Amino acid sequence: MNERYYNILAAVDGSPQSHQALMEAVEAARRNNARLYIARVVNTTGLLINSATPVSQIIEEEKRVAIKQLEEEVAGIDYYNKQMVTCVGSPKKALCFELPEIYKIDLIYMGATGKGAIERRLVGSTTDYVVNNAPCNVMVVK
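Rules used in this analysis
- Residues numbered from 1 in each chain as written.
- Predicted model: local features only at pLDDT ≥ 70, side-chain atom pairs only at ≥ 80, totals over all residues.
- Heavy atoms only, no water.
- Salt bridge = Lys/Arg side-chain N within 4 Å of Asp/Glu carboxyl O.
- Helix = DSSP H or I, 4+ residues; strand = E, 2+ residues; numbered from the N terminus.
- Buried < 20%, exposed > 50% of the residue type's maximum accessible area, 1.4 Å probe, protein only.
- Arc of directions from axis to C-beta.
- Contact = heavy atoms within 4.5 Å.
- Polar contact = N/O pair within 3.5 Å; in protein donor to acceptor, adjacent residues only side chain to side chain.
- Axes fitted to C-alpha atoms, helices over the stretch in contact; angles between N-to-C directions.
- Parallel < 35°, antiparallel > 145°, perpendicular 65-115°, else oblique.
- Left-handed = near helix turned anticlockwise from the far one by under 90°.
- Nonpolar A, V, L, I, M, F, W, Y, C, P; charged D, E, K, R; others polar.
- Pairing = 2+ DSSP bridges.
- Core = buried A, V, L, I, M, F, W, Y, C linked by side-chain atoms within 4.5 Å.

Colleague: Describe the pattern of salt bridges, with residues and values.
Modeller: Per the counting criterion, the structure on display carries 3 salt bridges. With a closest N to O distance of 2.6 Å, Glu-61 and Arg-64 form a salt bridge. With Glu-61 and Arg-64 both in helix H2 (residues 55–75) and 3 residues apart, the pair spans about one turn of that helix.

In structure tokens form, the structure reads like this:
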């Protein structure tokens, strides 16, 4: 484990576990005087479209909803050095590769669960993937 972290990423998805992970990430950022990135990924993997609405319009609506939810969650956080991040795509790739590279992340906080048992068996847990593939330390919060 590093003696000091400079850039901490907290992955949120609206679940109670991700909220708890965010609260712990805030405290870790305070202890380390670190930059805190709070990320919400609009998941487009396996997006099933059963509508006449164009895919781009559906994704834009999902992104708008994600940004609103992220703003609501971040509004209650009293920490001066924070930044909201939203992206569209695979949560596994975004949290494990894209965001750590862009923001030079050295610690990721995320919740232990998020998907149902059947989906987790079919496609794998995002948390499991990040723990096993991230280029930095990962703190999993229950």
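Continuing now.
Colleague: Would you mind going over helix H5 (residues 126–133) in detail, with residue names and values included?
Modeller: Residues that lie three or four places apart on an α-helix share one face, since the helix turns once every 3.6 residues. Those residues of H5 that sit buried are Thr-126, Thr-127 and Val-130. The arc that holds every buried residue of H5, seen down its axis, measures 95°, which confines them to one face. Of the surrounding secondary structure, the elements contacted by the buried residues of H5 are helix H3 (91–103), strand S4 (107–111) and strand S5 (137–141). Where H5 begins, one side-chain oxygen reaches toward the backbone nitrogen of Thr-127, 3.2 Å away; that side chain belongs to Ser-125.

Colleague: I'd like a rundown of the packing of H3 against H5, residues and numbers included.
Modeller: The relative placement of two packed helices comes down to the angle between their axes together with the axis-to-axis distance. Contact geometry for H3 and H5: axes closest at 9 Å, N-to-C directions at 25°. With respect to their mutual orientation, H3 and H5 come out roughly parallel. In this structure, the crossing between H3 and H5 has a hand that is right-handed. Where H3 abuts H5, its residues Pro-91, Lys-92, Leu-95, Cys-96 and Phe-97 lie against Thr-126, Tyr-129, Val-130 and Asn-133. Looking at the contact of H3 with H5, its residues break down into 6 nonpolar, 2 polar and 1 charged.

Colleague: Break down the environment of Asp-78 for me, citing the residues and quoting the values.
Modeller: Within the secondary structure layout, Asp-78 lies in the loop between H2 and strand S3 (82–89). The exposed category is assigned to Asp-78, whose relative accessible area is 66%. Here the alpha-carbon distance between Asp-78 and Val-26, two residues 52 residues apart in the chain, equals 8.6 Å.

Colleague: Explain the sheet that holds strand S1 (residues 7–11) to me, using residue names and the numbers behind them.
Modeller: The pairing of strands in a sheet happens through backbone hydrogen bonds and is either parallel or antiparallel. Here we have 5 strands laid out as an open sheet, ordered S3-S2-S1-S4-S5, and parallel in their pairing. Both outer strands of the open sheet, S3 and S5, are each paired with one neighbouring strand and no more. Within this sheet the neighbouring strands show an average axis-to-axis angle of 25°, counted without direction. Bridge count for S1 against strand S2 (residues 35–43) is 5 bridges, and the pairing is parallel.

Colleague: Would you mind going over the nonpolar core in detail, with residue names and values included?
Modeller: Ranked by internal contacts, the top residues of the largest apolar core, which has 20 residues, are Ile-8, Leu-22, Leu-36, Ile-38 and Tyr-109. For this core, the secondary structure elements donating two or more residues are S1, helix H1 (16–32), S2, H2 and S4. Broken down by element, the residue count for this core peaks at 6 residues, all from H1. With sequence-adjacent residues up to four places away left out, Leu-22 is seen in contact with Ala-10, Val-12, Ile-38, Glu-73 and Ile-77. Counting 17 residues, the second-largest nonpolar core is a separate cluster that includes Ala-39, Cys-96, Val-130 and Cys-136.

The quantities given are spatial measurements derived from coordinates; they are silent on function.
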